[in-house]
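Spelled out from the first residue to the last, the chains are:
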Amino acid sequence: TIAIGHLQPDTGASSHIALPLTAIENIDLNCLELFHSLESSAVTEFAHKTTGRENQRAIIISVGPNAARTLDQSVTEMTELAEAAKITVVDSFTQQRKLNPHMAIGSGKLKEIIISSMEQDVDLLIFDHDLSPTQVNNLSRQTDLKVIDRTLLILDIFARRALSREGKLKVELAQLKYRLPRISDKTTALSRLTGGIGSRGPGETTLEIDRRRIRERISKLEKKLQKMARSRTNARKKRKRNQLPLVSIVGYTNAGKSTLLNIMTRSKVFTENLPFATLDPTSRRLRLPQEQEIIITDTVGFIKKLPKDLLDAFRTTLEELREADLLLHVVDSSNSEVKEQIETVEEILRELDLDHIPILTVANKIDLVSPEIVRWLTKHYRAIPISARRAETLPPLLESIRKTLRFKPLSQNFSHSQGHSHPGPDQDKPESQKADQQKSVSPI
Ligand SMILES: Nc1nc2c(ncn2[C@@H]2O[C@H](COP(=O)(O)OP(=O)(O)OP(=O)(O)O)[C@@H](O)[C@H]2O)c(=O)[nH]1
Ligand SMILES: [Mg+2]
């Protein structure tokens, strides 16, 4: 039997035709005509798809020497990240192997991916780890697709989500730091042709000019951001009178941090069931039972393998957490990766030098999980179970906050705030109670 097969966009038509059994010289097949008809249907189909398409279509790929389960979980998390970047995930591949320095994955797997990408009209390949410039070049040459890695995807989400001027500058800084080591000689070879006479300094290649420009922009951004951070610190110092204890909410992205802030302070910070809804810190005033007031802040969430450039760019935001008197580590109890997420957050807190601050682990979303899981979390992490969607679950948490703040030397701070303190030699010691009210304050 002779069969002809071809790949075509998903038109519903069969892509295999079995020819009637006949002697080879009698085959009635006009190849040229077939090619033309396939091509024209592909063109209309493709044009229809790309123009009428809001979201790009992607395949997620997770490779590594890790257990199959870990790879699958990575795919789940990457799919959520992709959704946050308005990308439609149509397929995923995992491969349990050491990363290949040239291509990241094996050539057999790559073939499968190419076929799937053609069948499903894919625009993007997204890898769940960072790729070297060589890997990106090789992969995009082989597949004719745009290839992006984990960091680039997260940077894209941050770029979409950044609203404040400061947030935008931080994202730009992270993007430039990511790009700097990745400007390749290959692009230079091209841009050199277009670079006009006089457009470069003596003996300087376009590559060097590009790098120099990026470095200049990076140092400018860093200066601007430092200035912004300084003026915020100063503003805080001015508000020293207002020495309320500061409680900061931290946790894995999508754990429910903003929802908790909202319900505790009756605010309306943006929340969404997608990673990185919050980038900018928000502070609110909260009155605990027994008339004590605290300032509570919500900030950007953490994620495993947090890109270093992003961590650097957001370091000033995160370092403000140092001023907290208490951290509330909000945990999504309903996530199958809850243990890994808790460990990731604890690790980042250590890295940011925040592990000396008292911390309460808060097991959120208990409305979604079985009592066994709640028991396990309370036992292993001494977590306080709550549901940020149900106000009636909050009193034990509020009581723990009150107790913890009281047990700390903070009880003295309460008297400071009542005006019994005077600026003395301890003025410069690290302040443990700098209250920050960057945004409108809504007492409960
Ligand atoms: N069922 C249930 N859903 C919750 C609970 N708390 C939060 N959510 C939902 O979880 C999703 C994420 O909540 P957010 O408050 O945006 O989470 P976040 O930690 O601020 O996330 P990022 O700012 O993106 O890092 C939202 O869809 C919330 O409605 C809860 O206790 N129960
Ligand atoms: Mg949030």
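Residues numbered from 1 in each chain as written. Chains lettered and ligands numbered in written order. Predicted model: local features only at pLDDT ≥ 70, side-chain atom pairs only at ≥ 80, totals over all residues. Heavy atoms only, no water.

### Details of the overall build of the protein chain
A tally of helices and strands in the protein chain yields 15 helices and twelve strands. Evaluated residue by residue, the protein chain yields a buried proportion of 47% over its 444 residues. Put simply, 70% of the contacts in the protein chain that link residues at least 6 apart link residues at least 24 apart. Carbon and sulfur atoms make up 53% of the accessible area of the protein chain, which totals about 23,700 Å². (Helix = DSSP H or I, 4+ residues; strand = E, 2+ residues; numbered from the N terminus. Buried < 20%, exposed > 50% of the residue type's maximum accessible area, 1.4 Å probe, protein only. Contact = heavy atoms within 4.5 Å. Areas by Shrake-Rupley, 256 points an atom, 1.4 Å probe, with all protein chains shown as cover.)

### Some points on the pairing of strand β10 (residues 326-332)
Within β10, seven of the seven residues are buried, which leaves it mostly tucked inside the rest of the structure. Taking every second residue as pointing to the same face, both faces of β10 are buried, with Leu 326, Leu 328, Val 330 and Asp 332 on one and Leu 327, His 329 and Val 331 on the other. Looking at chain direction, strand β7 (residues 246-251) and β10 are connected through five bridges and run parallel. Across the sheet, the residue bridging to Gly 251 is Val 330, located in β10. Following the backbone out of β10, through helix α12 (residues 338-351) and into the adjacent parallel strand β11 (residues 359-364), one traces a crossover that is right-handed. (Pairing = 2+ DSSP bridges. Right-handed = clockwise from strand over helix to strand, strands pointing away.)

### A look at the coordination of the magnesium ion (ligand 2)
Every protein donor of the magnesium ion (ligand 2) is accounted for by Ser 258 (OG) and Thr 278 (OG1), and the metal-donor separations fall at 1.9 to 2.1 Å. Remark: Thr 278 occurs in the loop between α9 (257-265) and β8 (282-287) and Ser 258 occurs in helix α9; sequence separation between them is 20 residues. The pair formed by Ser 258 and Thr 278 is uniform in burial state, with each residue classed as buried. (Donors = N, O, S within 2.8 Å, 3.2 Å for Na, K, Ca; no water.)

### Remarks on α9
Taken across its nine residues, α9 has seven buried, putting it largely inside the fold. Along α9, the residues that are buried comprise Lys 257, Ser 258, Leu 260, Leu 261, Asn 262, Met 264 and Thr 265. Residue Arg 266 follows α9 closely and has a positive phi angle near 50°.

### With respect to the environment of Ala 229
Note that Ala 229 resides in helix α8 (residues 206-238). Exposure remark for Ala 229: the relative accessible area of 13% places this residue in the buried category. A C-alpha to C-alpha distance of 9.3 Å links Ala 229 and Glu 166, two positions 63 residues apart in sequence.

### Topic: the side chain of Ser 333
Structurally, Ser 333 is set in the loop between β10 and α12. On the basis of relative accessible area, Ser 333 is assigned to the buried category, the value being 2%. Reaching out from Ser 333, the side chain makes a polar contact with the backbone oxygen of Asn 364 at a distance of 2.6 Å. In contact with Ser 333, not counting residues within four places along its chain, are Val 338, Ala 363, Asn 364, Ile 366, Val 369, Ile 373 and Leu 377. (Polar contact = N/O pair within 3.5 Å; in protein donor to acceptor, adjacent residues only side chain to side chain.)

### As for the site of ligand 1
Neighbouring residues of ligand 1: 23 residues in total, closest Lys 257, Thr 259, Ala 277, Thr 278 and Asp 367. One of the backbone nitrogen or oxygen atoms of Gly 256 is found 2.9 Å away from an oxygen atom of ligand 1. Taking Arg 389, its side chain carries an N or O atom lying 2.8 Å from an oxygen atom of ligand 1. Burial of ligand 1 by the surrounding chains reaches 94%, relative to a free accessible area of 650 Å². With three residues, the top contributor of residues to the shell around ligand 1 is α9. Residues that form the shell around ligand 1 fall into these classes: seven nonpolar, eleven polar and five charged. (Near = heavy atom within 4 Å. Nonpolar A, V, L, I, M, F, W, Y, C, P; charged D, E, K, R; others polar.)

### Points about the pairing of strand β3 (residues 56-64)
Along β3, seven of the nine residues are buried, which leaves the element largely enclosed by surrounding structure. Pairing between β3 and strand β4 (residues 87-96): nine bridges, direction parallel. Paired with Ser 62 across the bridge in β4 is Thr 94. Examined bridge by bridge, β3 and strand β5 (residues 124-127) share four bridges and lie parallel to one another. Paired with Ile 59 across the strands is Leu 125, a residue of β5.

### A short note on the packing of helix α5 (residues 150-161) against helix α6 (residues 165-179)
Across the interface, α5 lies against α6 with an axial gap of 10 Å and an inter-helix angle of 160°. Relative to α6, α5 is oriented roughly antiparallel. Relative to α6, α5 is oriented so that their crossing is left-handed. Residues Thr 151, Leu 152, Leu 155, Phe 158 and Ala 159 of α5 form the contact with α6, whose participating residues are Val 171, Ala 174, Gln 175 and Tyr 178. Classifying every residue of the contact of α5 with α6 by side-chain character gives seven nonpolar, two polar and no charged. (Axes fitted to C-alpha atoms, helices over the stretch in contact; angles between N-to-C directions. Parallel < 35°, antiparallel > 145°, perpendicular 65-115°, else oblique. Left-handed = near helix turned anticlockwise from the far one by under 90°.)

### Some words on the nonpolar core
Residues Ile 126, Phe 158 and Phe 276 are the most contacted members of the largest nonpolar core, which totals 55 residues. Secondary structure elements with two or more residues in this core: β3, α2 (68-84), β5, α5, α6, α8, α10 (308-313) and α12. When residues are assigned to domains, this core turns out to be shared by domain 2 (56-148) and domain 3 (241-418), each giving three or more. Val 269, Leu 326, Ile 384 and Leu 394 belong to the second largest nonpolar core, which has 24 residues in total. (Core = buried A, V, L, I, M, F, W, Y, C linked by side-chain atoms within 4.5 Å. Domains from an automatic or database assignment.)

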